[in-house]
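Each chain, written out:
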Amino acid sequence: MPSYDYDLFTIGAGSGGVRASRLAAMYGARVGVAEEYRVGGTCVIRGCVPKKLLVYASEFGHAFEEAKGYGWTAGEVEFDWPRLIANKDDEIDRLNGIYIRNLKNAGADIFDTRAVLKDAHTVHLVKEGRDVTADKILIATGGAPWVDETVPGGSLAITSNEAFHLEKLPRHVVIAGGGYIAVEFACIFRGLGCEVCLVYRGEDILRYFDRDISVAVHRGLQRLGVRVITQAVFEKIEALDGDNKRVRLSTGVSIDCDLVFWAVGRKPATRGMGLEEAGVELTDKGAIKVNEWSQSSVENIYAVGDVTDRVNLTPVAIREGAAFAETVFNNKPTKMDYALIPSAVFSQPPVGSVGLPEHEARRAFKHIDIYKTDFRPMKNTLSGSEHRTMMKLVVDADTDRVLGCHIVGEGAPEMIQCLAIALRAGATKRDFDETCALHPTSAEELVTMREKFVPKM
Ligand code: NDP
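Cut-offs and rules
- Position numbers for residues start from 1 in each chain and track the written sequence from start to end.
- In view of the model being predicted, local features appear only for residues whose pLDDT reaches at least 70, and side-chain atom pairs are presented and counted only at 80 or more, with totals across whole chains, interfaces and linings using the full set of residues.
- The side-chain figures draw on all heavy atoms in the structure; neither hydrogens nor water molecules are used.
- What we call a nonpolar core is a set of buried Ala, Val, Leu, Ile, Met, Phe, Trp, Tyr and Cys residues that are connected through their side-chain atoms within 4.5 Å.
- Classification of residues uses two cut-offs on accessible area relative to the type maximum, computed with a 1.4 Å probe and protein chains only: under 20% is buried, over 50% is exposed, and between them is partly exposed.
- Comment: elements are numbered from the N terminus, with helices defined as DSSP H or I runs of at least four residues and strands as E runs of at least two.
- Two residues qualify as a contact provided that any one of their heavy atoms is within 4.5 Å of a heavy atom in the partner residue.
- Note on patches: the residues involved have over 30% relative accessible area and no salt bridge, like charges join within 9 Å, and the nonpolar side chains Val, Leu, Ile, Met, Phe, Trp and Tyr join within 5 Å.
- The accessible surface values rely on the Shrake-Rupley method and a 1.4 Å probe; as for residues, cover is taken only from the protein chains in view.
- Salt bridges are defined by distance alone: a side-chain nitrogen of Lys or Arg within 4 Å of a carboxyl oxygen of Asp or Glu.
- Any residue with at least one heavy atom within 4 Å of a molecule or strand is counted as near it.
- What qualifies as a polar contact is a pair of N or O atoms within 3.5 Å, subject to a donor-acceptor requirement within protein and to the restriction that residues adjacent in sequence count only when both atoms come from side chains.
- Each residue is assigned to one class: nonpolar for Ala, Val, Leu, Ile, Met, Phe, Trp, Tyr, Cys and Pro, charged for Asp, Glu, Lys and Arg, and polar for all the others, Gly among them.
- Angles here are taken between N-to-C directions and fall from 0 to 180 degrees, while the axes themselves are lines fitted to C-alpha atoms, restricted in helices to the stretch in contact.
- For any helix crossing, the convention is left-handed if the near helix is rotated counterclockwise from the far helix by under a right angle, and right-handed if that rotation is clockwise.

Counting residues in hydrophobic clusters, the biggest one holds 41 residues, and the most contacted among them are I175, F185, F189, L198, V217, L221 and F261. The set of elements that each furnish at least two residues to this core consists of α3 (48–66), α4 (81–105), β8 (172–176), α6 (180–191), β9 (195–199), α7 (211–224) and β14 (259–262). Top element by residues in this core is α6. It accounts for 7 residues. Among all residues touching F189, those that are not within four sequence positions of it are L166, L169, P170, V173, C194, V196, L259 and F261.

So this is what it looks like as structure tokens:
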């Protein structure tokens, strides 16, 4: 058997790569990890974590106003963007340090460099100008924001990568896209006091969710004062004086603003890594093709997380990484289970969703019952907030099993995490009905919906 420098070499120290590397090292493997940017990856450094901190910041923008109905009078409030960004950066530095420590404590070597494959067992460390060899190689390089380079002036717009480091808060932001990032940043900027316009090419934003979620979030954005333009794309972006820009849309409308933001999806980070040369097959979207064990077309090369473009969510990458380490380094064959993955959109109000949307359930099952409710949550009676809460259960009428649960409203992501346990356990509508309500909460509506929803003809 040839001797290699490492049992495992991981390229990319994001959520999936770190999880896999730590576990493998804890199981006794000699592990090396290369990261070209910062250990922690998109989620920790320029994704979920800093995004959520900005979401918290933006919620205060509404809280001062809403507190009046509860008897509070706040003096002149001011918002300091550089202070928020500096505090956010301190927190991200702290987490980055923890990730580095955890990897080192597990016994992994970390290389602060871009790494490319030379062949199936050799990795070139670009900054160090040398090669290392490994028995197994794990690609966990994630993805990167995609921008539409065919749009003239497209490079005048930023992506989520830059949004976390803007020197000043913009006055007017125009965002392209109708997915997670577009909706979340529209709410963040609006909550911080910016004018926001969201431009979406289709009709229903968040179109891969249940349609009631799309509709509720669309209305929520409008209630926040976000201008939502559908059936439109950017045709051209022009630089005006200073920071100002003009966005020309396919509909003929022009919008002047000082920040343009691409949120039109992400692409797997597979370019220029020597993958094809090493024989690693890619999908037509440029993702690494893997089997159910996260194994690529080259036997000793594996891939987890967004670079495989399966379900692009942090907890999924973490579980894929763990399953890989269990299988390959702990002699415990483990496959990732993709059923009933809960997800959230941190809009205002936020979304929580698990299981099948109604349209998918209708395709897959013969008889579907729908239960849904839409109400003004108690907190908003005195606060004056116009926001509402929507809850929906999708039920297989033949077995009574709850197939999907979809919520838009305060606390939705927290509720959905717990509902995901119930759905995985196979909860039926009767189980929901027999569960005692907890009063007064919004979540009690989930166990008190009795009337089937009958669409108006
Ligand atoms: P999404 O895939 O969620 O949304 C992309 C949006 O861009 C869609 O509305 C899509 O339209 C639109 N779009 C795609 N191509 C074009 C184009 N050429 N012109 C105009 N519009 C276009 O991507 P995001 O960038 O929002 O997020 C990337 C990924 O990051 C997500 O898939 C998710 O996995 C992850 N993420 C998760 C979060 C969470 O869990 N809360 C938060 C942020 C990101 P259409 O719908 O018509 O295809």
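On to a nonpolar patch on the surface. Residues F60, F64 and V77 make up a contiguous nonpolar surface patch of about 300 Å² in total accessible area. Residue position: F64 is located in helix α3. For F64, a relative accessible area of 40% gives the class partly exposed.

Bringing the site of the ligand into the picture now. Around the ligand there are 21 residues in total, and I181, R207, Y208, N312 and A344 lie nearest to it. Between the ligand and the protein, one listed contact pairs a nitrogen atom with a side-chain N or O atom of E184 at 3.0 Å. One nitrogen or oxygen atom from the side chain of R207 is found 2.8 Å from an oxygen atom belonging to the ligand. It is α6 that contributes the most residues to the shell around the ligand, 3 residues altogether. Among the residues forming the shell around the ligand, the class breakdown is 11 nonpolar, 5 polar and 5 charged.

What follows covers the environment of W146. Locating W146 in the fold gives a position in the loop between β7 (143–145) and α5 (160–163). When its relative accessible area of 32% is taken as the criterion, W146 is described as partly exposed. With 122 residues separating them in the primary sequence, W146 and P268 have C-alpha atoms 9.4 Å apart. Setting aside residues up to four positions removed in sequence, W146 forms contacts with W262, V264, G265, R266 and K267.

Orientation of α3 relative to α4, taken along the N-to-C sense of each, is 145 degrees, at an axis distance of 10 Å. Every pair of crossing elements has a handedness; the one defined by α3 and α4 is right-handed. Across from V49, P50, L53, L54 and A57 in α3, the residues of α4 making contact are W81, L84, I85, K88, E91, I92 and L95. Residues belonging to the contact of α3 with α4 are distributed by class as follows: 10 nonpolar, no polar and 2 charged.

Note that every value here comes from positions in space, so none of it alone points to a role or purpose.
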